[in-house]
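Breakdown of the fold
Listed below are the residues making up each chain.
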Amino acid sequence: MNGNQARILALARGERLPREELARLIATRSPEDCETAASLARETALREFGRKVYFRGLIEFTNYCRNDCLYCGIRRSNRAALRYRLSEEEILLCCRWGHEQGLRTFVLQGGEDPYFTDERVVSIVRAVKAAYPDCAVTLSIGEKPYESYARFREAGADRYLLRHETASPAHYGKLHPPEMSFENRVRCLHDLIALGFQTGCGMMVGAPFQTPENLAEDLLFMQDLKPQMIGMGPFLPHKDTPFRDEPAGTAEDTLFLLSIVRLMHPRVLLPATTALGTLLPGGRERGILAGANVVMPNISPDEARARYQLYNNKLGTAGAAADNLAALRESIRAIGYEPDPGRGDYRWEDKQ
Ligand code: SAH
């Protein structure tokens, strides 16, 4: 048995590998290693969740952003972006439609838009929870002070997605403007966890300047943080950002990392991302077969979907939301899994 096979088996047994071992595994993985990791990860997901894939309704409610992340198509310096924001009423209409479709989690994602003050976010969260008490609300609206997160939680928000982006402060600095810091990102994650949010972190695979050592650090960081969700997709360049000429991450790397993450976090809620589906036809389905167990169909209004471009050629921006959702359900069934309409909360009991 070669070193990588042994490393993968060690991870599957719940062992902690040192940084150099993880970096070596990532740097030297063969197609056979990917196959081994995927089949073990798939077994792990089947053991923990059965043949179920959780569906989350994603509502991209604003693409205004005060931040300037170098990779992101809605960064404030992108003058070419056509900006929009949804009203509370429009957000509620998305939820109504999603609820009719059976969705029981709504993910409200957006840029860091100063228009959406804490008061406005609280009002939206309260309204969604009042109208749909059987649903979970996930927020993904970036870095805020502790007090803001506390108010969102008080208003009834259940979950929060905030990717850490990279666990290396030096790498973080290459992806973000000087006014942003890894320290604040991590502070946010710790606040969210302390407030009782089901919390998600994660990173892009193949981000510019990323090394296998960086990814190994990401894995160790997440092993220590113990998030309930991990969002991980390939980096895809956007033409109106400084990273326009950087190569995209690969599907193989992303799928391998998904499998490794599943082995290290048997219970984590792990989406097969839209970015993976954009990079590779059938990518999300491949993600499920590599150990992911969540998909996040976009239920934003059509005009909004076309404008929320973090990267180019995003999947699901053409066609009606209903058709995209139906097609995704069908393709999940076609690989032998059942779309799960439930809230699909993290199972806190007998924690990993
Ligand atoms: N503003 C919020 C949420 C929106 S961005 C926040 O900062 O959390 C959501 C995620 O999209 C980011 O965390 C990033 O990892 C990912 N993303 C941004 N630009 C991307 C790109 N060009 N390719 C792939 N993923 C990207």
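One can find the structure itself at the top, above this paragraph.
These remarks concern the structure in this document. Note that the structure is a prediction, hence the values are computed from the model and not measured.

This part is about the overall build of the protein. Within the protein one finds 14 helices and eleven strands. At 19 Å, the protein has a C-alpha radius of gyration in line with the 20 Å of a compact globule built from 352 residues. Overall, the C-alpha framework of the protein stretches about 60 × 45 × 40 Å when taken along its three principal axes. For the protein, the residues scored as buried account for 59% of the 352 residues in total. In the structure as shown, the protein presents an accessible area of about 14,000 Å², 53% of it carried by carbon and sulfur atoms.

Here we come to the packing of helix H2 (residues 19–28) against helix H9 (residues 212–225). Interhelical geometry of H2 versus H9 gives an angle of 125 degrees and a closest axis separation of 8 Å. The orientation of H2 with respect to H9, classified from their angle, is oblique. Where H2 crosses over H9, the two elements pack in a sense that is right-handed. For the pair formed by H2 and H9, the contact residues are Arg 19, Leu 22, Ala 23, Ile 26 and Ala 27 on the first element and Pro 212, Glu 213, Leu 215, Ala 216, Glu 217, Leu 219 and Leu 220 on the second. A class-by-class count of the residues in the contact of H2 with H9 yields nine nonpolar, no polar and three charged.

Around the ligand, a shell composed of 17 residues is seen, among which Tyr 71, Gly 110, Arg 163, Glu 165 and Leu 236 lie nearest. Arg 163 is positioned such that a nitrogen or oxygen atom in its side chain is 2.9 Å from an oxygen atom of the ligand. Across the shell around the ligand, the residue classes tally to ten nonpolar, four polar and three charged.

Before going further, it helps to spend a moment on helix H6 (residues 146–154). Residues three or four positions apart in an α-helix share a direction because the helix packs 3.6 residues into each turn. Residues of H6 that are buried include every one of Ser 148, Tyr 149 and Phe 152, and no others. Across the axial projection of H6, the buried residues extend over an arc of 100 degrees, all falling on one side. Facing away from the buried surface of H6 by more than 90 degrees, the exposed residues are Glu 147 and Glu 154. Contacts made by the buried residues of H6 are with helix H5 (118–131), strand E4 (136–140), strand E5 (159–161) and helix H8 (182–194). Of the residues trailing H6, Gly 156 is marked for its positive phi of about 115 degrees.

Counted by the stated rule, this structure contains 28 salt bridges. A salt bridge links Lys 129 to Asp 158, with the shortest nitrogen-to-oxygen separation between them at 2.8 Å. Placement of the pair is Lys 129 in helix H5 and Asp 158 in the loop between H6 and E5, with a sequence separation of 29 residues. Accessibility assignment for this pair places Lys 129 and Asp 158 in one class, buried. One salt bridge connects Asp 345 with Arg 343, and the closest N-O pair in it is separated by 2.8 Å. Take Asp 345: its relative accessible area is 26%, and that puts it in the partly exposed class. Residues joined in a network through salt bridges with shared partners are Lys 129, Asp 158, Arg 159, Arg 343 and Asp 345.

Summarising the element assignment, His 176 is placed in the loop between helix H7 (169–175) and H8. Overall, His 176 belongs to the buried group, its relative accessible area being 4%. Within the local environment of His 176, its side chain forms a polar contact with the side chain of Tyr 71, the two groups lying 2.8 Å apart. For His 176, the side chain forms a polar contact with the main-chain oxygen of Tyr 172, separated by 2.9 Å.

Taken in spatial order, the three strands line up as E10-E1-E11 in an open sheet, and their pairing is parallel. Taken across any chain shown, the strands that pair with only one partner, and hence form the sheet edges, are strand E10 (294–295) and strand E11 (338–340). As judged from the two bridges shared by strand E1 (residues 52–55) and E10, these two strands associate in the parallel manner. Opposite Tyr 54, over in E10, you have Val 294 as the bridge partner.

With that out of the way, let us pick up the pairing of strand E6 (residues 198–201). Side-chain alternation along E6 places Gln 198 and Gly 200 on one buried face and Thr 199 and Cys 201 on a second face that is also buried. Bridge count for E6 against strand E8 (residues 229–230) is two bridges, and the pairing is parallel. From the neighbouring strand, Cys 201 faces E8, where its bridge partner is Ile 230.

Although it is not a glycine, Glu 165 sits at a positive phi angle of roughly 75 degrees. Residue placement: Glu 165 occurs in the loop between E5 and H7. According to the relative accessible area criterion, Glu 165 is buried, its value standing at 8%. Not every positive phi belongs to a glycine, and Asn 313 is a case in point at roughly 60 degrees. By the element assignment, Asn 313 lies in the loop between helix H13 (302–307) and helix H14 (321–334). With relative accessibility at 69%, the residue Asn 313 sits in the exposed group.

Attention now moves to the pairing of strand E3 (residues 105–110). Within E3, six of the six residues are buried, leaving the element largely enclosed by the surrounding structure. Burial of the side chains of E3 extends over both faces: Thr 105, Val 107 and Gln 109 are buried on one face and Phe 106, Leu 108 and Gly 110 on the other. Two elements, strand E2 (residues 57–62) and E3, share five bridges in a ladder whose sense is parallel. Directly across from Leu 58, in E3, lies its bridge partner Val 107. With helix H4 (residues 88–100) bridging E2 and the parallel E3, this β-α-β connection has right-handed handedness. Inspection of the sheet shows E3 paired to E4 by five bridges, in the parallel sense. Each residue of the ladder has a partner; that of Thr 105, found in E4, is Ala 136. With H5 bridging E3 and the parallel E4, this β-α-β connection has right-handed handedness.

So, how was this worked out
- Residues numbered from 1 in each chain as written.
- Predicted model: local features only at pLDDT ≥ 70, side-chain atom pairs only at ≥ 80, totals over all residues.
- Heavy atoms only, no water.
- Helix = DSSP H or I, 4+ residues; strand = E, 2+ residues; numbered from the N terminus.
- Rg over C-alpha atoms; globule rule 2.2 N^0.38 Å.
- Buried < 20%, exposed > 50% of the residue type's maximum accessible area, 1.4 Å probe, protein only.
- Areas by Shrake-Rupley, 256 points an atom, 1.4 Å probe, with all protein chains shown as cover.
- Axes fitted to C-alpha atoms, helices over the stretch in contact; angles between N-to-C directions.
- Parallel < 35°, antiparallel > 145°, perpendicular 65-115°, else oblique.
- Left-handed = near helix turned anticlockwise from the far one by under 90°.
- Contact = heavy atoms within 4.5 Å.
- Nonpolar A, V, L, I, M, F, W, Y, C, P; charged D, E, K, R; others polar.
- Near = heavy atom within 4 Å.
- Polar contact = N/O pair within 3.5 Å; in protein donor to acceptor, adjacent residues only side chain to side chain.
- Arc of directions from axis to C-beta.
- Salt bridge = Lys/Arg side-chain N within 4 Å of Asp/Glu carboxyl O.
- Pairing = 2+ DSSP bridges.
- Right-handed = clockwise from strand over helix to strand, strands pointing away.

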